[in-house]
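Take a look at the letters that make up each chain.
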Amino acid sequence: MKTIGELKAKIVQETKENIAKYEMTLAELEQKANDIKKMVHVYKEDGKDKWNAYNVNFNHDLDELGKVLKYFTVTSK
């Protein structure tokens, strides 16, 4: 899987129209990644009970983020 930084470097070779679209998608992905990082930090502080309940949602969100990144790399070629 590519990182958001790698994707940002790659889109500079695209057309202006595609760059605008990809930059918006990347901004959304960055926000989602930041939200996930914050949630991990909060749940680590709250203890094991809440972590187990959170883990299900976390894995789902992470899977969704991975799917979007995978699709993004396919469509930006």
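(A) Representation of the overall build of the protein within the structure. For the protein, the helix and strand inventory stands at three helices and zero strands. Taken from N to C terminus, the helices and strands of the protein fall in the order α-α-α. Counting across all 77 residues of the protein, residues that qualify as buried make up 26%. Across the protein, the fraction of contacts at a sequence separation of at least 24, relative to all contacts at a separation of at least 6, is 59%. Taken as a whole, the protein presents about 5800 Å² of accessible surface, with 54% of it coming from carbon and sulfur.

(B) Spatial organisation of the nonpolar core. Grouped together as the largest cluster of nonpolar side chains are 14 residues, with contacts concentrated most on Ile4, Leu26, Leu29, Leu65, Leu69 and Phe72. Mapped onto this core, the elements with two or more residues apiece are α1 (4-11), α2 (16-46) and α3 (48-75). It is α2 that contributes the most residues to this core, six residues altogether. Contacts of Ile4, omitting those with residues within four sequence positions, involve Leu26, Leu29, Glu30, Ala33 and Leu69.

(C) Local environment of the confidence of the model for the protein. For the protein, the average pLDDT comes to 76, and 81% of its residues sit at 70 or higher. Per-residue pLDDT, averaged within each element of the protein, yields its smallest value for α3 (73) and its largest for α2 (80).

Thresholds, definitions, all that
Residues numbered from 1 in each chain as written. Predicted model: local features only at pLDDT ≥ 70, side-chain atom pairs only at ≥ 80, totals over all residues. Heavy atoms only, no water. Helix = DSSP H or I, 4+ residues; strand = E, 2+ residues; numbered from the N terminus. Buried < 20%, exposed > 50% of the residue type's maximum accessible area, 1.4 Å probe, protein only. Contact = heavy atoms within 4.5 Å. Areas by Shrake-Rupley, 256 points an atom, 1.4 Å probe, with all protein chains shown as cover. Core = buried A, V, L, I, M, F, W, Y, C linked by side-chain atoms within 4.5 Å. pLDDT = per-residue confidence, 0-100.

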